[in-house]
Amino acid sequence: MSARRPWPWWLLPALLCGGAAGYVVVSSVSWPLPEAGAAADELHSSSTEEALPALLEEAGGLWKQSYPASAYREDAALGSGPAARRPGQGAAPSRMFSYRREGGGAPGRAGTARFLAQHNTWGFVATRAARGKIQGMPYGNCLLLSDGPVNNSTGIPFFYVTPKDNTVTDLLKNPMASLTLPEADGNFCRKNLIDPEDPRCARLTLTGQMVTVPPEEVEFAKQAMFSRHPVVRKWPRSYEWFFMKMNIEHIWLQSWYGEVSPIAVEE
């Protein structure tokens, strides 16, 4: 019996790379390619950060087959408007490469806003400083929040705060504030390898007046905060904790490439 001839060494690179020939790695995300052809050649020759946005927005469909048809109907109903498309671009959906959220609630921008208001456990609050050398300047802080118990979401953010907090000092002088709720608070962006500043990782900004919760709502505020953040029950009473909420006046949502969308409070 003759000995088996060894594989030529020059075939090794081809064997190692053969399984990855159908993908182009962009920012740690592998995009599946269609069958070999002009479209695949175009992507391979244009896979730069400058060229990719144009490819991703192409209406004709290098990526079109990788997203369900229902998504196109959904985006058409949302009416992205002319600002979401380049001149001469077809009616391609603005979210055709976004990832589907599991348990994302109602569809559309208002649904996304409600989802973020319900599931975020903290937010970034911006106020106008009322003290010291930074008086009158913007001041930001992260605060725990809850829009209600898990089974009774209201969309109204409640806070458990102390007068010793600089943010509360500012609010007692000027109650106007903005609250940003990032989708990065949950698992969606991490699971899909999306940076928090990536427009696909949604951000909701609420602006309005921060007011002390009236006595008739304090019990509900307790249920809202303590059910989501049990640890706050043990915070030192000497800090004179009390409840505040935001009376929302304006809503802004960034949930994809393009303009930030205003949403009516009634929605």
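The name recorded for the chain in an unreviewed UniProt entry is CREG2 protein, from Brachypodius melanocephalos. Here is the UniProt Sequence similarities (unreviewed entry) comment for the chain, exactly as written: "Belongs to the CREG family." Database annotation for the chain, UniProt heading Subcellular location (unreviewed entry): "Secreted".

**Student:** Help me out: how do you make sense of the pattern of salt bridges in this one?
**Tutor:** Side-chain pairing between opposite charges can occur once the charged atoms of the two side chains come close. Counted by the stated rule, this structure contains 4 salt bridges. A salt bridge links Arg-131 to Asp-170; the shortest N-O distance between them is 2.5 Å. Separated by 39 residues along the polypeptide, Arg-131 in the loop between β3 (122–128) and β4 (138–144) and Asp-170 in helix α6 (residues 166–173) bring together distant segments of the chain. The pair Arg-131 / Asp-170 is uniform in exposure class, with both members buried. For Asp-147, the salt bridge identified is with Arg-228, shortest N-O distance 3.4 Å. Remark: Arg-228 occurs in helix α8 (residues 218–228) and Asp-147 occurs in the loop between β4 and β5 (158–161); sequence separation between them is 81 residues. By the burial criterion, Asp-147 is buried, and Arg-228 matches it.

**Student:** Can you help me understand α6 in this one?
**Tutor:** It helps to recall that an α-helix has 3.6 residues per turn; residues three or four apart then point in one direction. Buried within α6 we find Thr-167, Val-168, Asp-170 and Leu-171. Projection of α6 onto a plane perpendicular to its axis shows the buried side chains occupying an angular sector of 155°, all on one side. In α6, those exposed residues whose orientation departs by more than 90 degrees from the buried face are Leu-172 and Lys-173. Contacts from the buried residues of α6 go to β3, β4, β5, β6 (176–182), β7 (203–212) and β8 (242–254). The opening residue of α6 is Asp-165, an N-cap whose side-chain oxygen sits 2.8 Å from the backbone nitrogen of Thr-167.

**Student:** I tried to follow the state of the cysteines on my own but got confused; where do I start?
**Tutor:** Per the stated rule, a full pass over the model turns up 1 disulfide. In this model, Cys-189 is linked to Cys-201 through a disulfide, with the two sulfur atoms separated by 2.0 Å. On the S-S bond that ties Cys-189 to Cys-201, the torsion sits near 100°, and the link is right-handed. Placement of Cys-189 in helix α7 (residues 188–191) and of Cys-201 in the loop between α7 and β7 is noted, with a sequence separation of 12 residues between them. Each member of the pair, Cys-189 as well as Cys-201, is classed as buried.

What counts and how
Residues numbered from 1 in each chain as written. Predicted model: local features only at pLDDT ≥ 70, side-chain atom pairs only at ≥ 80, totals over all residues. Heavy atoms only, no water. UniProt positions renumbered as here; feature names shortened; annotations may be inferred. Salt bridge = Lys/Arg side-chain N within 4 Å of Asp/Glu carboxyl O. Helix = DSSP H or I, 4+ residues; strand = E, 2+ residues; numbered from the N terminus. Buried < 20%, exposed > 50% of the residue type's maximum accessible area, 1.4 Å probe, protein only. Arc of directions from axis to C-beta. Contact = heavy atoms within 4.5 Å. Polar contact = N/O pair within 3.5 Å; in protein donor to acceptor, adjacent residues only side chain to side chain. Disulfide = S-S within 2.5 Å.

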